[in-house]
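Here is how the chains run, residue by residue.
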Amino acid sequence: MRHPPDAALHVRGLSVTFGTRRGPVPAVVDVDVDVARGELVALLGESGSGKSAAARAMMGLSAANATVTADALRLGETNLLTLPDRQRREILGNRMSMVFQDALSALNPVLAIGDQLGELFRTHRGASRRQARAAAIDLLGQVGIPAPSKRVDDYPHQFSGGMRQRILIAMAIALEPELVIADEPTTALDVTVQAQILELLDKLRRDLNMAVLLITHDLGVVSEVADRVMVMYAGRVVEAGSADDLLSRPSHPYTEALLRSVPAAEHRGQELYAIPGSPPSPAHQPGGCPFHPRCAMVVERCRTERPALTVVSAGRSAACHRSEEVRHVAVPG
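Because the structure is predicted, anything quoted here is derived from the model rather than measured.

So, about the overall build of the protein chain. Check the secondary structure of the protein chain and you find 13 helices and 13 strands. For a compact globule of 333 residues, the expected C-alpha radius of gyration is about 20 Å, and the protein chain comes in at 21 Å, within 12% of that figure. In terms of its C-alpha atoms, the protein chain occupies a principal-axis envelope of roughly 70 × 50 × 40 Å. The 333 residues of the protein chain split such that 50% are buried.

Where helix H4 (residues 113-125) meets helix H7 (residues 161-173), the axes come as close as 9 Å, and the angle between the chain directions of the two elements is 20°. Between H4 and H7, the angle falls in the class roughly parallel. Note on packing geometry: the crossing formed by H4 with H7 is right-handed. Contacts between H4 and H7 involve Ile113, Gln116, Leu117 and Leu120 on the former and, on the latter, Ile167, Ala170 and Met171.

Let's shift gears to the pattern of salt bridges. Inspection of every chain in the model, using the stated rule, returns 19 salt bridges. Measuring nitrogen to oxygen at the nearest pair gives 2.6 Å for the salt bridge that ties aspartate 207 to lysine 203. Linking aspartate 207 with lysine 203, this pair stays in helix H8 (residues 191-208), spanning four residues, or about one helical turn. Residues joined by salt bridges that share partners form a network here, namely Asp202, Arg205, Arg206 and Asp227.

Here the focus is helix H1 (residues 51-59). Among the nine residues in H1, seven count as buried, and that is most of the element. If you check which residues of H1 are buried, you get Lys51, Ala53, Ala54, Ala55, Ala57, Met58 and Met59. Immediately downstream of H1, the backbone of glycine 60 shows phi near 80°, a positive value.

In this fold, arginine 327 is placed in the segment after helix H13 (323-326). Of the buried charged residues, arginine 327 lacks a salt bridge, with aspartate 245 as the closest side chain of opposite charge at 4.3 Å. Not counting residues up to four positions away in its chain, the partners in contact with arginine 327 are Asp245, Arg249, Pro250, Ser251, Ser313 and Arg316.

An ideal rise of 1.5 Å per residue puts 18 Å on 13 residues; H7 measures up with 19 Å between its terminal C-alpha atoms. Within H7, ten of the 13 residues are buried, leaving the element largely enclosed by the surrounding structure. When we look at burial in H7, the residues that qualify are Gly162, Arg164, Gln165, Arg166, Ile167, Leu168, Ile169, Ala170, Ala172 and Ile173. Those residues of H7 that are buried are in contact with strand S7 (96-99), helix H3 (103-106), H4, helix H5 (129-142), strand S8 (179-183) and H8.

It is worth spelling out the UniProt feature "domain: ABC transporter" (unreviewed entry) in the protein chain at this point. The UniProt record annotates "domain: ABC transporter" (unreviewed entry) at residues 11-259. Note that residues 11-259 is 41% helix and 27% strand, and that its end C-alpha atoms are spaced 27 Å apart.

Extensive coverage of strand S10 (residues 228-233) is indicated by the burial of five of its six residues. Note that strand S3 (residues 40-44) and S10 share four bridges and pair parallel. Looking at S10, one finds that leucine 43 is bridged to methionine 230. Pairing analysis gives six bridges linking S10 to strand S11 (residues 236-242), with the strands arranged antiparallel. Opposite methionine 232, over in S11, you have valine 237 as the bridge partner. Hairpin remark: S10 followed by S11, antiparallel, with two residues in the connecting loop; positive phi at alanine 234, about 55°.

Next up on the list: the environment of serine 317. The residue serine 317 is located in strand S13 (residues 316-318) in this model. Looking at serine 317, the relative accessible area reads 14%, which means it is buried. For the pair serine 317 and leucine 246, spaced 71 residues apart in sequence, the C-alpha separation works out to 9.7 Å. Other than its neighbours up to four places away in sequence, serine 317 contacts Val238, Glu239, Ala240, Leu309, Thr310, Val311 and Val312.

This part covers the side chain of glutamate 239. Here glutamate 239 lies in strand S11. There is a polar contact of 2.2 Å between the side chain of glutamate 239 and the side chain of arginine 316.

You can see cysteine 295 is positioned in the loop between helix H11 (253-260) and helix H12 (300-304). Placed 42 residues apart in sequence, cysteine 295 and proline 253 show a C-alpha to C-alpha distance of 6.6 Å.

Rules used in this analysis
- Each chain carries its own residue numbering, running from 1 in the direction its sequence is written.
- A pLDDT threshold of at least 70 governs which residues receive local features in this predicted model, and a stricter bar of 80 or more applies before side-chain atom pairs are shown or counted, although totals over entire chains, interfaces and linings include all residues.
- For the side-chain quantities, the full set of heavy atoms in the structure was used; hydrogens and water were omitted.
- Note on conventions: DSSP H or I runs of at least 4 residues are helices, E runs of at least 2 residues are strands, and numbering of each starts at the N terminus.
- Taken over C-alpha atoms, the radius of gyration is set against a globule rule of 2.2 Å times the number of residues to the power 0.38.
- Burial classification: accessible surface area is computed with a 1.4 Å probe over protein chains only, and a residue below 20% of its type maximum counts as buried, one above 50% as exposed, and the rest as partly exposed.
- Lines are fitted to the C-alpha atoms to define the axes, a helix being fitted only along its stretch in contact, and any angle between axes, read from their N-to-C directions, falls within 0 to 180 degrees.
- Just so you know how the angles are binned, under 35 degrees is roughly parallel, over 145 roughly antiparallel, 65 to 115 roughly perpendicular, and the rest oblique.
- Less than a right angle of anticlockwise turn of the near helix away from the far helix marks a crossing as left-handed, whereas a clockwise turn marks it as right-handed.
- Contact definition: two residues touch when any of their heavy atoms are within 4.5 Å.
- Salt bridge, as used here: a side-chain nitrogen of Lys or Arg that lies within 4 Å of a carboxyl oxygen of Asp or Glu.
- Only four residue types enter the tally: Lys and Arg on the positive side, Asp and Glu on the negative side, with His and both chain ends excluded.
- What a helix is expected to span follows from its residue count: subtract one and scale by 1.5 Å.
- UniProt positions are given in the numbering used here, feature names are shortened, and annotations may be inferred rather than shown by experiment.
- Only when DSSP finds a minimum of two bridges between them are two strands counted as paired.
- Nitrogen and oxygen atoms within 3.5 Å of one another constitute a polar contact, given that in protein one can donate a hydrogen and the other can accept it, and given that sequence-neighbouring residues count only through two side-chain atoms.

Structure follows, in structure tokens:
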């Protein structure tokens, strides 16, 4: 299967199904993703939409009860589907890496930060302890840790939440991978620190020409740094396109509802819009379009026929029977 020549990540038909006592539960269904070198693509959706399950499957980090299938899963020219486990483990951290959501649980509490960063260089680059320590100090400086030569011997609990997140990013970019997957990297941080972390990710991907797949539920995050956006709902991609176009003229009612629910200064004092209902359980999805029970534009066809993801304009695709009408709905703010 052909893939874009500059694609760091090329995924086609990715599906993830979890085995449970009540039977198989589809968490991700037929997802396609391309991320070019130097590009930042955001995978957007509410909790339970399948975006983190998709990201972990791409990394080969799915749970033991997960069955992962794909038509294509490539990192550059490397076919990850046929790669032996040992070689795939060598790629992790080296050519592709992940920034996790919870830095405190992702870092080893009994090892100094310098040792944890240095281990990457000793394991993958054969560096001496002195070389690894120097590289760790340099990395801490790159991600904005003040006085890195002094802080390199500190432990995770001695850093703030924002600083720990910077350290996770330092670990992810240490070996200058082709692809970094950032899974909700700013969720537990205050707004100011969130902005700093996003600016850091944006700067590093430009400086190092890395591909970044950003997993998030935050539209503010997406509007700041993403080149392209893929919106997931109930395990499927329901809309995709360039960030500017998609956020200004959504083609799916779910994207439109997400944009409508973002607080805006000009609507101060008014009641905030909330999408009615809740996302469906992966084990009990409604027939037809899975968003139809919450959709303001639902028609009878939506209840019986699942819409396919189809091209609606140049560089844009949506899975909605009424995508043309949705594009003409004014989004407040």
